[in-house]
Amino acid sequence: MDVDPKHASVNGRKRSQRPHKSHHEVADELRARIRSGTLRAGQRMPTQARLADEFGVERGVVRQALYVLQAERLLTNVSKGSPATVAPDLGTGRSPHGAGAAPQPTTVALGPRIAAAFAAPHVEIDALCLTSVSLNLAIGEGLRQIHAGRLNPAKIDVRVLLPGRDIDLAFPVSVEDRGDDDPVHDRWLAQRNAQGQVLQHNLLALRATHGIDVRVSFRALPFTPPVKLYLLNGSEALFAYYTLTRRKQQIDHEHLELYDSEGTQSMLFPFEQGAGLRDTTFVEQSHLWFNALWETISSELALTSRRLPR
């Protein structure tokens, strides 16, 4: 059986001579081999050292590429000492990016993608959301891998846009107008502040524990965002709608009817730079939109619960 020369080293043959690839290029090549069946479901991958030698890159570049493929559920066991394994259940073989990408709930999709983003030397995460609950949950895997010594970024920059504390939220809100005395707003504000403080604390702690240059910034929006958006390392955008429901809940010993959205279950649609004109344009426009909000109508955000009088 003839072997394509560009795949030869994975099959024990001559190594590729193409040097200085980015981790995205390495991931693209390995993804193509998995999709074509050259690397079969359940097959053990070559070692990171062997892949680094083949592609003419540092082992860290290979590791970043493998984390990208793990985030796409094409590989398993990337974070363990032994070589990664091609996922045994590759499904229909459709690409996880571009027009064929399948949206997934935030709790499923966001964590692996942020963990893959943490493999970069300079991690950049921009988020626009309602409370940052999902971001906190998702960032935990990246933090665990840093503390385990599997990832070691040199710099982390996180920017978060959240609704301001004194605006009239569109949601969550009581169905019956409560004016300024709305326990639903007070609960949201406490959650927004607590999640922001935890996010800030966990990331800034990396300065002392690992010597990583970390910056975490928050700004306040003058409106309730109807969508959530996560931008990862300038190359990926994850977008979801907040879908509202009307439900009853007990808050401060009072049974209330409210309009609310379960953000952790919002379906994330992935877009990747370089995955076609549609995806590339969406990522670029999302960055322009986020930066415009950050630099114009947003304001300084204080993670406090004191609501200003009307």
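See above for the structure.
Below: a short report on this structure. (Residues numbered from 1 in each chain as written. Predicted model: local features only at pLDDT ≥ 70, side-chain atom pairs only at ≥ 80, totals over all residues. Heavy atoms only, no water.)

Taken as a whole and judged by the stated rule, the model has 12 salt bridges. Between R33 and E54 there is a salt bridge whose closest N-O contact spans 2.7 Å. Here R33 is found in helix 1 (residues 23-36), whereas its partner E54 is found in helix 2 (residues 48-55), with 21 residues between them in sequence. Of the two residues, R33 and E54, neither departs from the other in class, the shared state being buried. For the salt bridge of R215 with D157, the shortest nitrogen-to-oxygen distance reads 2.7 Å. Residue R215 is located in strand 7 (residues 213-221), and its partner D157 is located in strand 5 (residues 155-163); the two are separated by 58 residues in the primary sequence. Among the charged side chains, a salt-bridge network with shared partners connects E29, R33 and E54. (Salt bridge = Lys/Arg side-chain N within 4 Å of Asp/Glu carboxyl O. Helix = DSSP H or I, 4+ residues; strand = E, 2+ residues; numbered from the N terminus. Buried < 20%, exposed > 50% of the residue type's maximum accessible area, 1.4 Å probe, protein only.)

If you look at the biggest cluster of nonpolar residues, it comprises 66 residues, and the most contacted ones within it are F118, I156 and L203. It is helix 3 (residues 59-71) that provides the largest number of residues to this core, a total of eight residues. Among residues more than four places away in sequence, those in contact with I156 are F118, V123, I146, L203, L206, I212, D213, V214 and R215. Judged by nonpolar contacts, the second largest core, of 13 residues, contains L221, L231, F239 and V283. (Core = buried A, V, L, I, M, F, W, Y, C linked by side-chain atoms within 4.5 Å. Contact = heavy atoms within 4.5 Å.)

Taken as a whole and judged by the stated rule, the model has five aromatic pairs. Ring geometry for F239 against Y241: centres 5.1 Å apart, planes inclined by 85 degrees, an arrangement best described as edge-to-face. Between F271 and F282, the aromatic rings sit 3.9 Å apart at their centres with planes inclined by 20 degrees, giving stacked as the arrangement. Residue F271 is located in strand 12 (residues 267-272), and its partner F282 is located in helix 7 (residues 277-295); the two are separated by 11 residues in the primary sequence. Residue classification places F271 among the buried positions, given a relative accessible area of 8%. Here F282 falls in the partly exposed class, since its relative accessible area comes to 25%. Among the aromatic residues, those joined into a ring-pair cluster are F239, Y241, F271 and F282. The residue whose ring lies beneath R159 is W294, and the NZ or CZ to ring-centre distance is 5.1 Å. (Phe/Tyr/Trp six-rings, centres within 6.5 Å; stacked < 30°, edge-to-face > 60°. Lys NZ or Arg CZ within 6 Å of the ring centre and 35° of its normal.)

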